[in-house]
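Summary of structural features
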Amino acid sequence: MTRKDVFILLLILIPNLFLRTYRIDYAEGKAIFDEKAYYLEAARSYLQNRDDPNMEHPPLGKMFIAAGIKVFGDNPYGWRIPSLIFALIGISLIYILSKELFGGLFIPITAALLLSLDNMYFVYSRLAVMEMALLVFMLATITFLWKYYKNGTVINLVLLSVFFGLSFSTKWTAVLILPAIAIIIYLRGGRKNLTIGLITILSATGIIYILSYLPYILRHSFWQFAALQQTIVLFWGKFGRETNYSLAGYFLNHVTSWLFNPGWDYDLRLEGSNRIGVVNAMFNPVIYWTSIYFITKSLRGMRKSRDLRIFLLTFLVMLNFVPWFFVRRIQYLYYLLPILPYLYILTSYYLREFY
């Protein structure tokens, strides 16, 4: 990162900071569905040294919301500023990763701008949920993975392991990127290198995951922590089996519809009135459908192209998309959030080619 890169990033980040902070107390200062139903009570429970009522997800992401409440108060600013901070870090990281992959300025600037102009990224940067933390930790993992591939230094292996551990301790879906990590580490140094890399990653992940549950372990015991993990697995299995929607409702909330339907809404009834508020979480349609064209182009060209950078970006998109075809329950469009950085770096790459 040069001074010029820092200056460019500041030009992108400062307007984003003001735009995302403006009216962050929307909905008349009330929590909306996911905030109220899951994460705020979980965050408050950590501050009061109580058990998490939202045990189906690991604690780390909710701990960041708790930290926001601790610093800024139990109000919309305290709930949502952690997501805002992570969103700004995500814009910085997509610039840095693009720079590491392709150099120059066109692709890093374009990718950072595309991400900052994405409507769904904007909405989730102003919600008290875990999605921004997950996206940033996964993006940091891939950034240090590529640094490790280029120079093989131990510090980069350790950092990618730590950030993968942070990702997994935020949401288990981080495991989807593990095949890409394994392939790049193998290409760096063969089977022995892969063994060392996986041991490092799994060790760091295990330590971080247990530490994230430390308050729970101290209140109960390590064996109850282990039993809790089994309970979580059983919960998600039962959740998938018991989800009951109409055929139309199932299709509209299934991965098969994501290609054609780039948005969905949070509805909320504003208290003390008959009005209904709507928070529209929608990908920027122009960028979204353009990106679909470019990922299709990338998939078609992968046999001819031996560019590992394009393979990695395309593979990461597929790893976070294709597995949902095999999940038998309702799925939500924001599950695609972690692929946006790779989708937009690819889009920027092909825009440069056209240019």
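You'll find the structure just up there.
A quick note: this is a predicted structure, and the numbers were derived from the prediction, not measured. (Residues numbered from 1 in each chain as written. Predicted model: local features only at pLDDT ≥ 70, side-chain atom pairs only at ≥ 80, totals over all residues. Heavy atoms only, no water.)

A word on the environment of Gly-61
Checked against the element boundaries, Gly-61 lands in helix H3 (residues 60-72). In the structure, Gly-61 is positioned 133 residues away from Leu-194 in sequence and 29 Å away in space, judged by C-alpha atoms. In this view, Gly-61 contacts Met-130, Ser-169 and Thr-170; residues no more than four positions away in its chain are not counted. (Helix = DSSP H or I, 4+ residues; strand = E, 2+ residues; numbered from the N terminus. Contact = heavy atoms within 4.5 Å.)

Details of a nonpolar patch on the surface
Taken together, the side chains of Met-1, Val-6, Leu-10, Ile-14, Leu-17 and Phe-18 make up a nonpolar region of the molecular surface, amounting to roughly 580 Å² of accessible area. With respect to the helices and strands, the residue Leu-10 is situated in helix H1 (residues 3-21). Judged by its relative accessible area of 42%, Leu-10 falls in the partly exposed class. (Patch = residues over 30% accessible without salt bridge, like charges linked within 9 Å, V, L, I, M, F, W, Y side chains within 5 Å. Areas by Shrake-Rupley, 256 points an atom, 1.4 Å probe, with all protein chains shown as cover. Salt bridge = Lys/Arg side-chain N within 4 Å of Asp/Glu carboxyl O. Buried < 20%, exposed > 50% of the residue type's maximum accessible area, 1.4 Å probe, protein only.)

Focus: the nonpolar core
Among the nonpolar cores identified, the biggest contains 104 residues, and Tyr-124, Tyr-342 and Ile-345 are the most heavily contacted of them. If you tally residues by element for this core, the top one is helix H7 (residues 131-151), at 14 residues. Judged by nonpolar contacts, the second largest core, of nine residues, contains Tyr-213, Ile-217, Phe-225 and Ile-232. (Core = buried A, V, L, I, M, F, W, Y, C linked by side-chain atoms within 4.5 Å.)

Overview of the side chain of Asn-320
Tracing the sequence through the fold places Asn-320 in the loop between helix H15 (308-319) and helix H16 (340-354). In this structure Asn-320 comes out as buried when scored by relative accessible area, which is 3%. Sequence-distant contacts of Asn-320, defined by excluding residues within four places in its chain, comprise Met-138, Leu-176, Ile-177, Leu-336, Pro-338 and Ile-339.

Topic: empty space enclosed by the protein
A water-sized probe rolled over the atoms picks out the places where empty space is left. Throughout the structure, instances matching the rule amount to two cavities of 30 Å³ or more. Each pocket or cavity is described by its volume, and for the largest cavity that value is around 50 Å³. Lining the largest cavity, in full, are Tyr-46, Asp-52, Met-55, Pro-59, Met-63, Ser-212, Tyr-213, Pro-215, Tyr-216 and Arg-219. Residue contributions to the lining of the largest cavity peak at three residues, all from helix H10 (residues 214-219). (1 Å grid on protein atoms, 1.4 Å probe; cavity = no way out; pocket = protein on both sides within 12 Å on 5 of 7 lines; lining within 4 Å. Points joined across faces, edges and corners; volume = space filled by probe spheres on them.)

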